[in-house]
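# Notes for the structure review
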Amino acid sequence: MAVRTDLRRQTLSHSGEIIALAHEYRARNLSVRFPDYEFEDMPEVEFIADMDDGTSLFDRANLVMALNDLLGAATHVFLRDELPGDFAESLERDAVALG
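Since this is a predicted model, take the numbers as computed values, not measurements.

Here we come to helix 3 (residues 57–71). Relative to the 21 Å expected for 15 residues at 1.5 Å per residue, helix 3 spans 21 Å between its end C-alpha atoms, a close match to the ideal helical length. Asp59, Leu63, Val64, Ala66, Leu67 and Leu71 are the residues of helix 3 that are buried. Here the buried residues of helix 3 occupy an arc of 165° about the axis, which is enough to place them on one side. In this structure, helix 3 carries Leu57, Phe58 and Asp69 as exposed residues pointing more than 90 degrees from its buried face. N-capping of helix 3 is provided by Ser56, with a side-chain oxygen placed 3.2 Å from the backbone N of Phe58. Downstream of helix 3 by a residue or two, Gly72 has a phi angle that is positive, lying close to 65°.

All right, on to the packing of helix 2 (residues 15–24) against helix 3 then. Where helix 2 meets helix 3, the closest approach of the two axes is 10 Å, and the angle between their N-to-C directions is 160°. The angle between the axes of helix 2 and helix 3 places the two elements in the roughly antiparallel class. Pair helix 2 / helix 3 crosses with right-handed handedness. Residues Glu17, Ile18, Leu21 and Ala22 of helix 2 form the contact with helix 3, whose participating residues are Leu63, Ala66, Leu67, Leu70 and Leu71.

This paragraph deals with the pairing of strand 1 (residues 27–33). Burial within strand 1 is extensive, with 5 of its 7 residues counted as buried. Strand direction decides the pairing type here: strand 1 and strand 5 (residues 96–97), joined by 2 bridges, are antiparallel. Looking across to strand 5, one finds that Ser31 is bridged to Ala97.

So, about unusual backbone geometry. Phi is positive for Arg26, which is not a glycine, with a value near 70°. Structurally, Arg26 is set in the loop between helix 2 and strand 1. The phi angle at Asn29 is positive, at roughly 55°, despite the residue not being glycine. By secondary structure assignment, the location of Asn29 is in strand 1.

Scanning the entire structure with this criterion turns up 8 salt bridges. Notably, a salt bridge pairs Arg9 with Asp6, separated by 3.2 Å at the nearest N-O pair. Of this pair, Arg9 and Asp6 are both found in helix 1 (residues 2–13), 3 residues apart, which corresponds to roughly one turn of the helix. Relative accessible area serves as the criterion here: at 53%, Arg9 is assigned to the exposed category. Beyond isolated ion pairs, a larger network of salt bridges with shared partners links Arg28, Asp50, Asp52, Arg80 and Glu92.

Conventions adopted
As a convention, each chain's residues are numbered from 1 in the sequence order in which they are written. Whole-chain, interface and lining totals are the exception, using all residues; otherwise, since this is a predicted model, local features are given only for residues with pLDDT of at least 70 and side-chain atom pairs are given and counted only at 80 or more. Working from all heavy atoms in the structure, the side-chain values ignore hydrogens and water. To qualify as a helix, a DSSP run of H or I must reach at least 4 residues; to qualify as a strand, a run of E must reach at least 2; elements of each kind are numbered from the N terminus. By this rule, a helix spans an expected 1.5 Å times one less than how many residues it contains. Type-normalised accessible area, obtained with a 1.4 Å probe on protein chains alone, sets the label of each residue: buried when under 20%, exposed when over 50%, and partly exposed for intermediate values. Picture the helix axis, draw a direction to every C-beta atom, and the arc is the one those directions span. Nitrogen and oxygen atoms within 3.5 Å of one another constitute a polar contact, given that in protein one can donate a hydrogen and the other can accept it, and given that sequence-neighbouring residues count only through two side-chain atoms. Fitting a line to C-alpha atoms yields each axis, with helices limited to the stretch in contact; the angle taken between N-to-C directions then spans 0 to 180 degrees. To sort the angles, those under 35 degrees are grouped as roughly parallel, those over 145 as roughly antiparallel, those from 65 to 115 as roughly perpendicular, and the leftovers as oblique. Each crossing gets its handedness from the near helix: less than a right angle anticlockwise from the far helix is left-handed, clockwise is right-handed. Note on contacts: a residue pair is in contact if any heavy atoms of the two residues lie within 4.5 Å. Strands are labelled as partners when DSSP assigns at least two bridges between them. One side-chain nitrogen of Lys or Arg within 4 Å of one carboxyl oxygen of Asp or Glu is enough to make a salt bridge.

Purely geometric numbers; function is a separate question.
Printed below as a string of structure tokens:
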């Protein structure tokens with residue numbers, strides 16, 4: 001549990017850098033959540049975002065890699081317009097808006 005608390009603190013302390021990375025890769029309206037599970041023994045962070053029109057899969061993949069490097073954690077970026085209604089509501093309920 002301490003790892004998740006540290007990761008949450010670290011992520012929120014880097015919110016300015018995270019937002020800058022998101023803008024660089026054409027993402028906006030970013031929220032973050034910290035699930036209770038890990039990916040291959042690595043803490044996980046999930047981001048929920050909107051992407052600008054014309055954004056490529058490469059932009060999204062590059063954002064994920066940049067976030068992985070910054071946070072040292074497995075990160076995922078879910079797009080709001082791709083999430084089914086109930087799942088989107090569940091993710092958003094547990095998420096913290098980054099700005």
